[in-house]
Amino acid sequence: DTGVSQDPRHKITKRGQNVTFRCDPISEHNRLYWYRQTLGQGPEFLTYFQNEAQLEKSRLLSDRFSAERPKGSFSTLEIQRTEQGDSAMYLCASSLGGQGFDEQYFGPGTRLTVT
Amino acid sequence: DAKTTQPNSMESNEEEPVHLPCNHSTISGTDYIHWYRQLPSQGPEYVIHGLTSNVNNRMASLAIAEDRKSSTLILHRATLRDAAVYYCILRDYNAGNNRKLIWGLGTSLAVNP
């Protein structure tokens, strides 16, 4: 257990429905990341927060995806009008911040299946 | 970010050393070399990182070639728990606010009892 928790661990939804995932980072960590991982592939970066500010978004993050980190604590990732191609493992990571090397601690992930 | 190349899979026997190679011929002078691993059904976890000199920690050793175009992660005595996908990742901490990690396909390590 890294101290990063994600909820739910599994989500099955029908195409067209909206889903929301939650990530609780390690409490003193300033940075929070979302990645997506499909079977047999490495994680792909989606977005990154420094405290409550969303500093970078991948081009993978279409306008159906939105992420928030109110008050710089937990974060939510919402997918609207889900498509079958959204089926993947969604990973959250957090890091302490600062200059130089910054180890990312990953949660267990939320596995999304869109039917 | 510069790319890395790793073998798709490797196999080892329990309690034997394992050398996992990574090629990064386009590495820049300020790229750090990181290794993360992902155990089955878990999120990735940090293993080790380095810039120029070889590094040791409780989990592994990292041997970096003199020209930095390749590196090797060394597990000194493989255990069954070391069966995982190992990712070699480059990251330039001088690159402004760009903090993301760029992941390849990694090496899937199987450990035989």
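Structure first, text after, so check above.
Values in this document were obtained by computation on a predicted structure and should not be read as measured data. (Residues numbered from 1 in each chain as written. Chains lettered and ligands numbered in written order. Predicted model: local features only at pLDDT ≥ 70, side-chain atom pairs only at ≥ 80, totals over all residues. Heavy atoms only, no water.)

Caption draft 1: Expanded view of the overall build of chain A. When helices and strands are counted, chain A shows zero helices and 11 strands. On C-alpha atoms alone, chain A measures out to a radius of gyration of 13 Å, which is about the 13 Å that the 2.2 N^0.38 rule sets for 115 residues. For chain A, the spread of C-alpha atoms along the principal axes amounts to about 40 × 25 × 25 Å. For chain A, with 115 residues in total, the buried portion stands at 47%. Contacts in chain A between residues far apart in sequence, at least 24 positions, make up 54% of those at least 6 positions apart. (Helix = DSSP H or I, 4+ residues; strand = E, 2+ residues; numbered from the N terminus. Rg over C-alpha atoms; globule rule 2.2 N^0.38 Å. Buried < 20%, exposed > 50% of the residue type's maximum accessible area, 1.4 Å probe, protein only. Contact = heavy atoms within 4.5 Å.)

Caption draft 2: Region of interest: the overall build of chain B. The helix and strand tally for chain B stands at zero helices and nine strands. Listing the helices and strands of chain B from first to last along the sequence gives β-β-β-β-β-β-β-β-β. By the compact-globule yardstick of 13 Å for 113 residues, chain B fits well, its C-alpha radius of gyration being 14 Å. In terms of overall dimensions, chain B has C-alpha extents of about 45 × 30 × 25 Å along its principal axes. Counting every position in chain B, which comprises 113 residues, the buried fraction comes to 46%. If you take every contact in chain B between residues at least 6 apart in sequence, the share linking residues at least 24 apart comes to 58%.

Caption draft 3: Structural context of the layout of surface pockets. By volume, the largest pocket is sized at about 460 Å³. Lining the largest pocket we find 26 residues, and of these Gln37(A), Leu39(A), Arg111(A), Gln38(B) and Ser41(B) sit closest to its centre. Top contributing element to the lining of the largest pocket by residue count: strand β8 (residues 84–92) of chain B, with three residues. (1 Å grid on protein atoms, 1.4 Å probe; cavity = no way out; pocket = protein on both sides within 12 Å on 5 of 7 lines; lining within 4 Å. Points joined across faces, edges and corners; volume = space filled by probe spheres on them.)

Caption draft 4: Highlighting the nonpolar core. Leu20(B), Ile33(B), Trp35(B), Leu73(B), Leu75(B), Tyr86(B) and Leu109(B) are the most contacted members of the largest nonpolar core, which totals 21 residues. For this core, the secondary structure elements donating two or more residues are β2 (18–23), β3 (31–38), β4 (45–50), β6 (61–64), β7 (70–75), β8 and β9 (107–112) of chain B. At four residues, β8(B) tops the list of elements feeding residues into this core. The residues touching Leu109(B), leaving out its near neighbours within four places in the chain, are Met10(B), Glu11(B), Ser12(B), Val18(B), Leu20(B), Leu75(B), Asp82(B), Ala83(B), Ala84(B) and Tyr86(B). Counting residues in hydrophobic clusters, the runner-up holds 19 residues, among them Leu32(A), Trp34(A), Phe65(A) and Cys92(A). (Core = buried A, V, L, I, M, F, W, Y, C linked by side-chain atoms within 4.5 Å.)

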